[in-house]
Amino acid sequence: MTTLDYDYLVIGSGLAGLMAALNLSRHGRVMVASKKEAVESNSNYAQGGIACAIDPEDSFDEHVQDTMKVGAYLSNEEVARAIISSGPARIQDLEALGVAFERRESHGEDYDLGQEGGHSRRRVLHAGDITGQRMIRVLLDRVAENANITLRDHLMAIDLVTTGWLKQPGESRCIGGYFLDQKKGEILAIRSSFTVLATGGAGKVYLYTSNPDVATGDGIAMAWRAGLPIKNMEFVQFHPTCLYHPAAKSFLISEAVRGEGAVLINTAGESFMERYDSRGSLAPRDVVARAIDNEMKTRGDTCVYLDISHRSARFLKKRFPNIYAACLKYGFNMAKQPIPVVPAAHYFCGGVEAGVDGRTALKGLFACGEAACTGLHGANRLASNSLLEALVCSHRAAETIAQMPREHPTVEIPAWRYNDAVPSDEAVVVEHNWNELRTCMWDYVGIVRTNKRLERALRRINNLRQEIRQYYLAYLVTADVLELRNIAAVAALVVRSAMLRRESRGLHYTLDYPQELPGTPTDTRICDQPGG
Ligand code: SIN
């Protein structure tokens, strides 16, 4: 088995991964492992933008208060303040790398700031409605020019390697991981002094999601198998407005569209959000997603509609070129008619317990971006706070790592044990379990939960995990089975966390405990023995 040696290993090529790599490249040789094409990440599909209190009339305090309120006061205020107050400096870093944010034509150099649910003012820096795509393209160019960074695509992480697992004396430490080189069909090891997990979210755990196919929670699952604490997994954010069309794969209609005046209506043409919240269509996402779910269930409808037909085609084409074109492609002219929308799984507020500087409970391992749970999002993420968190925390992680003594691991990573594994002649098992698991999560662990539904889900997930484990051991590993193994692990973590929370708060709503518990809210935390 080949073992590659690098000073720093970054797993994931979204905003957090690329920024960590660029910052670390000043101090040593970096390997970025990306499991598909490097451009494929949740960051690349971000439409809304980056929330940042950069306007002279805005303040860090206001942004912190909005974050706390939307997070149902489970967010850690100190963490929120640290991340939010670092925003303007990190935006400057991005601009220095060549990322351009939209400016207002009539106001010289002022940023054109977008409005999204839960923000008390316009605060979202954007690049049209393809903010993520513009940012990731620029960062991939900077990475390609950088002699200290090697980026390898189609290199999928299987598991982390720790000195504890290798039965080495002393405190356990991460020294890299095993990877499947999908191009060669081979397993290799990467050994590093420090590893950064920036593997993103896990939307694919649900049948309907706004996320791209890569979002299978790999980092969260690997960290959990390595025995790390995983926090607040019950808080899955459902984006209220994904395009409802059989071929659209839950294409996201950015909240920024509601920020520019779009209104949610039901099939009777009634603007219904005012019945649920005084903020109407711009209420925070948990409120809007629940209201849509209720509206659809009580009326027996398959979708609701988003109406921005009062704005001109000229305005919509300029502000939302990507959304406008996608809607037209599926037969909807948003300047002339309401667009059919439904909620879909969008963002995981929970993840690997980590500090603002990415530090985790395992020496040598850092986590940032959606894979991490820093405490910023609490029970519900404020729109566009995620890119801000990824940007700030990857920078802090790189700074922290650079200040630590760098001793390259000398312990050998043992060759991958294939045992008696043979090529699979039962790929249908993967396909079947993939569909069953995601349907189970959608039906029983969605926007509205109950004890019975959670128990039902856990029984099924446990059975599926047993079957997946047998399959994983019997056959040569493929990317498909690795992803299935990871979404099954994440699904179990979501359900177990949801069972631990005996209240409704933010994104976790259960008919059995419909109220928030009084007093200071607490996090849920799952920490199992290594091996999972
Ligand atoms: C959106 O554009 O609505 C998504 C932004 C986000 O998830 O923060």
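Keep in mind that what you see is a predicted model, and the values were worked out from it rather than measured.

(A) View of the environment of S13. Within the fold, S13 resides in the loop between β1 (3–11) and α1 (15–24). Sequence separation between S13 and Y305 is 292 residues, and the spatial gap between their C-alpha atoms is 34 Å. Not counting residues up to four positions away in its chain, the partners in contact with S13 are L18, V32, S34, A38, E40, S41 and A198. Polar contacts involving the side chain of S13 include one to the main-chain carbonyl oxygen of A38, which spans 2.8 Å.

(B) Region of interest: the sheet that holds strand β10 (residues 236–243). The four strands lie next to each other as β10-β13-β12-β11, forming an open sheet whose pairing is antiparallel. Each of the sheet's edge strands pairs with one partner strand only, and the pair in question is β10 and β11 (263–265). Ignoring which end each strand starts from, the neighbouring axes of this sheet average 45 degrees apart. Bridge analysis of strand β12 (residues 304–307) against strand β13 (residues 339–348) gives three bridges, and the strand direction is antiparallel. When the bridges of β13 are listed, L306 appears paired with I339.

(C) Structural view of the site of the ligand. Within the structure, the ligand sits among Q47, G48, E116, H239, L252, S254, E255, R285, H346, R381, A383 and S384. For the ligand, an oxygen atom lies 2.7 Å from a polar atom in the side chain of H239. Out of a free accessible area of 260 Å², the ligand has 94% covered by protein chains. Broken down by class, the residue content of the shell around the ligand amounts to two nonpolar, six polar and four charged.

(D) Structural view of the packing of aromatic side chains. All told, the structure shown has ten aromatic pairs when counted by the stated rule. Ring geometry for Y178 against W416: centres 5.0 Å apart, planes inclined by 75 degrees, an arrangement best described as edge-to-face. Here W416 lies in the loop between α10 (385–402) and α11 (427–444) and Y178 lies in strand β7 (residues 174–181), a separation of 238 residues in the sequence. The same class applies to Y178 and to W416, which are both buried. Between the aromatic rings of F272 and Y276, the centroid separation amounts to 6.2 Å while the plane-to-plane angle is 85 degrees, which identifies the pairing as edge-to-face. On the basis of relative accessibility, which here comes to 0%, the residue F272 falls in the buried class. The partly exposed category is assigned to Y276, whose relative accessible area is 30%. In textbook terms, an aromatic cluster arises when at least three aromatic residues are bridged by ring pairs, as seen for Y206, Y208, F238 and W442. The ring centre of Y111 lies 4.1 Å from the NZ or CZ of R103, which sits over that ring. Sitting over the ring of Y472, R485 keeps its end group 4.0 Å from the ring centre.

(E) Looking closely at the state of the cysteines. Within the structure shown, the criterion is met by zero disulfides. Unpaired in this structure, C349 has its nearest cysteine sulfur neighbour in C373, at a distance of 8.1 Å. The exposure class of C349 is buried, given its relative accessible area of 3%.

(F) Spotlight on the environment of S394. Assignment of secondary structure puts S394 in helix α10. Note on S394: relative accessible area 0%, which makes it buried. Taking the C-alpha atoms as reference points, S394 and Y471, separated by 77 residues in sequence, lie 36 Å from one another. Among all residues touching S394, those that are not within four sequence positions of it are A16, M19, A20, C368 and E389. Among the polar contacts made by the side chain of S394, one reaches the main-chain carbonyl oxygen of A390 at a distance of 2.7 Å.

(G) Structural view of the pairing of strand β2 (residues 30–33). Burial along β2 is two-sided: V30 and V32 facing one way and M31 and A33 facing the other are all buried. Here β1 pairs with β2 via four bridges, running parallel. The partner of V10 across the bridge, within β2, is V32. Regarding topology, α1 serves as the crossover connection from β1 to the parallel β2, and that connection is right-handed. Bridge analysis of β2 against strand β5 (residues 149–152) gives four bridges, and the strand direction is parallel. Each residue of the ladder has a partner; that of A33, found in β5, is R152.

Each value, and the rule that gives it
- Residues numbered from 1 in each chain as written.
- Predicted model: local features only at pLDDT ≥ 70, side-chain atom pairs only at ≥ 80, totals over all residues.
- Heavy atoms only, no water.
- Helix = DSSP H or I, 4+ residues; strand = E, 2+ residues; numbered from the N terminus.
- Contact = heavy atoms within 4.5 Å.
- Polar contact = N/O pair within 3.5 Å; in protein donor to acceptor, adjacent residues only side chain to side chain.
- Pairing = 2+ DSSP bridges.
- Axes fitted to C-alpha atoms, helices over the stretch in contact; angles between N-to-C directions.
- Near = heavy atom within 4 Å.
- Areas by Shrake-Rupley, 256 points an atom, 1.4 Å probe, with all protein chains shown as cover.
- Nonpolar A, V, L, I, M, F, W, Y, C, P; charged D, E, K, R; others polar.
- Phe/Tyr/Trp six-rings, centres within 6.5 Å; stacked < 30°, edge-to-face > 60°.
- Buried < 20%, exposed > 50% of the residue type's maximum accessible area, 1.4 Å probe, protein only.
- Lys NZ or Arg CZ within 6 Å of the ring centre and 35° of its normal.
- Disulfide = S-S within 2.5 Å.
- Right-handed = clockwise from strand over helix to strand, strands pointing away.

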